[in-house]
Amino acid sequence: MLLGLGATSCEKYNEVAPPRFDTQAEAQEKLPLPTHTISQLKELYKPGGVVITKPIVISAVIISDDSEGNLYKTCYIQDETGGMELKFGMGNLSSLYPQGTRVRLFCQGLKLGSYGKQINIGWPTKEERYETGFIPELLVPQHLFKEGRGEAKPIRLTIATINKKYAGMLIQLDNVQFATSELGQTYADPIGKETNRNVNRTIIDKSGGRLILRTSSYAKFAGVKLPQGSGTITALLNYFQDEAQLTLLRQEDVQFTSPRF
């Protein structure tokens, strides 16, 4: 019955039924060519959200990794024009789509939405608080196909050069450290996670620039103490309204091995 409902929902939002393949191997041989870049896809967004009725196809690379629990039911893709969050109703996404996998995203039937002024893509929803919901787990393989191996290469920025055109992308910051007031703290709050689900920590650079690192208290490294040195961090860049935030994928992506400045 659930499968029947899923099929009905899919037909409701599609002008043309999305391509169906028995296996990913079959899909690789028959994948439609890309029609849009991520930047072009974002340009289709309108306030309130937009259900995509045309057979739009994106070729991009998975840049996220949910293996350490700082992402849940979501992943990020990136091409040469930008990055975007995909809202998928399944956990352990990186076991199926590891970081660095090149994919084709079939957008027809999905919905472009915005949360905190950052555009994402997900499933039509009736919830008033959100413009998009999670794509049902059974439908994920119908919208995201493996194309081959790519490269999840971060863009090297500074705190001063961060801006919204890099939202949803993997970035690298050099010569940064945690603010002195954060030393001795942990990344998040695993003991109080039920009430304190996310914790913000402040990163600074030599010029006095400041940036938030936001970590889930459910992440595997939530109870690890912040490193005291300085160095490089690689993380996803997100925005909530006009505030930039970093989302760490793995503890090892913080390499603060140099002395503090």
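Scoring rules and cut-offs
- Residues numbered from 1 in each chain as written.
- Predicted model: local features only at pLDDT ≥ 70, side-chain atom pairs only at ≥ 80, totals over all residues.
- Heavy atoms only, no water.
- Pairing = 2+ DSSP bridges.
- Helix = DSSP H or I, 4+ residues; strand = E, 2+ residues; numbered from the N terminus.
- Core = buried A, V, L, I, M, F, W, Y, C linked by side-chain atoms within 4.5 Å.
- Buried < 20%, exposed > 50% of the residue type's maximum accessible area, 1.4 Å probe, protein only.
- Contact = heavy atoms within 4.5 Å.
- Phe/Tyr/Trp six-rings, centres within 6.5 Å; stacked < 30°, edge-to-face > 60°.
- Lys NZ or Arg CZ within 6 Å of the ring centre and 35° of its normal.
- pLDDT = per-residue confidence, 0-100.

**Q** Help me out: how do you make sense of the sheet that holds strand β2 (residues 57–62) in this one?
**A** For sheets, the rule is that strands pair by backbone hydrogen bonds, running either parallel or antiparallel. Pairing is mixed across the open sheet formed by eight strands, whose spatial order is β1-β6-β7-β4-β3-β2-β5-β8. A strand with exactly one partner marks an edge of an open sheet, and here the two such strands are β1 (50–51) and β8 (144–149).

**Q** Looking at this structure, how should I read the nonpolar core?
**A** Burial of nonpolar side chains together is a common tendency in soluble globular proteins. Within the largest apolar cluster, 29 residues are counted, with the highest numbers of intra-cluster contacts made by I162, L173, Y187, L213, I233, L237 and L246. Of all the secondary-structure elements, those providing two or more residues to this core are β10 (170–178), β11 (198–205), β12 (210–216), β13 (230–240), β14 (243–247) and β15 (254–258). Ignoring any residue separated from it by four or fewer positions in sequence, one finds L173 in contact with L157, T158, I159, I162, L211, G231, T232, I233 and L246. Counting residues in each nonpolar core, the second largest holds 28 residues, with I52, M84, L110 and I121 among its members.

**Q** How should the environment of L96 be read in this particular structure?
**A** Within the secondary structure, L96 sits in helix α4 (residues 93–96). Through-space distance from the C-alpha of L96 to that of K146 is 9.3 Å; in sequence the pair is 50 residues apart. Setting aside chain neighbours within four positions, we find L96 in contact with M90 and K146.

**Q** What is the right way to look at the packing of aromatic side chains in this model?
**A** Remark: the centre distance and the inter-plane angle together describe each pair of aromatic rings, the angle taken between the planes. One pass over the full model with this rule turns up six aromatic pairs. Taking 5.3 Å as the distance between ring centres and 80° as the angle between the ring planes, the aromatic pair formed by Y187 and F221 counts as edge-to-face. Of this pair, Y187 sits in the loop between β10 and β11 while F221 sits in the loop between β12 and β13, placing them 34 residues apart in sequence. The class for Y187 is buried, based on a relative accessible area of 1%. The ring of F134 carries K87 above its face, with NZ or CZ at 5.2 Å from the centroid. A cation sits over an aromatic face here: K146 above Y97, 5.9 Å from the ring centre.

**Q** Sorry, what's going on with the environment of H143 here?
**A** By the secondary structure assignment, H143 is in helix α5 (residues 140–143). With 36 residues separating them along the chain, H143 and C107 place their C-alpha atoms 6.7 Å apart.

**Q** Quick question: what am I supposed to make of the pairing of strand β4 (residues 82–87) here?
**A** Two faces belong to every sheet, and in a regular strand the side chains alternate between them. Counting buried positions over the six residues of β4 gives six, a clear majority of the element. Alignment of strand β3 (residues 74–79) against β4, held across six bridges, turns out to be antiparallel. Residue pairing in the sheet places T74 in a bridge with K87 of β4. Counted between consecutive antiparallel strands, the loop separating β3 from β4 contains two residues. Direction of pairing for β4 relative to strand β7 (residues 118–122): parallel, over a ladder of two bridges. Bridge assignment links L86 to a residue of β7, and that residue is I121.

**Q** Sorry if this is basic, but what is going on with the confidence of the model for the protein here?
**A** Low pLDDT marks stretches whose predicted atomic positions should not be read closely. Per-chain confidence: the protein averages 91 in pLDDT, with 89% of residues scoring 70 or above. Scored below 50 in pLDDT, residues 1–19 makes 17 contacts in the model with residues more than four places away or belonging to other chains.

**Q** Sorry, what's going on with the side chain of T234 here?
**A** In this structure, T234 sits in strand β13. T234 sits in the buried class, given a relative accessible area of 17%. Not counting residues within four places of it along the chain, the set of residues in contact with T234 comprises P154, L170, I171, Q172, L248 and D253.

**Q** Please clarify how the pairing of β14 should be interpreted in this entry.
**A** Taken across its five residues, β14 has four buried, putting it largely inside the fold. The pairing of β12 with β14 spans two bridges and is classified as parallel. Paired with I212 across the two strands is Q245, which belongs to β14. For β13 and β14, the ladder comprises five bridges, and the chain directions are antiparallel. Paired with L236 across the two strands is T247, which belongs to β14.

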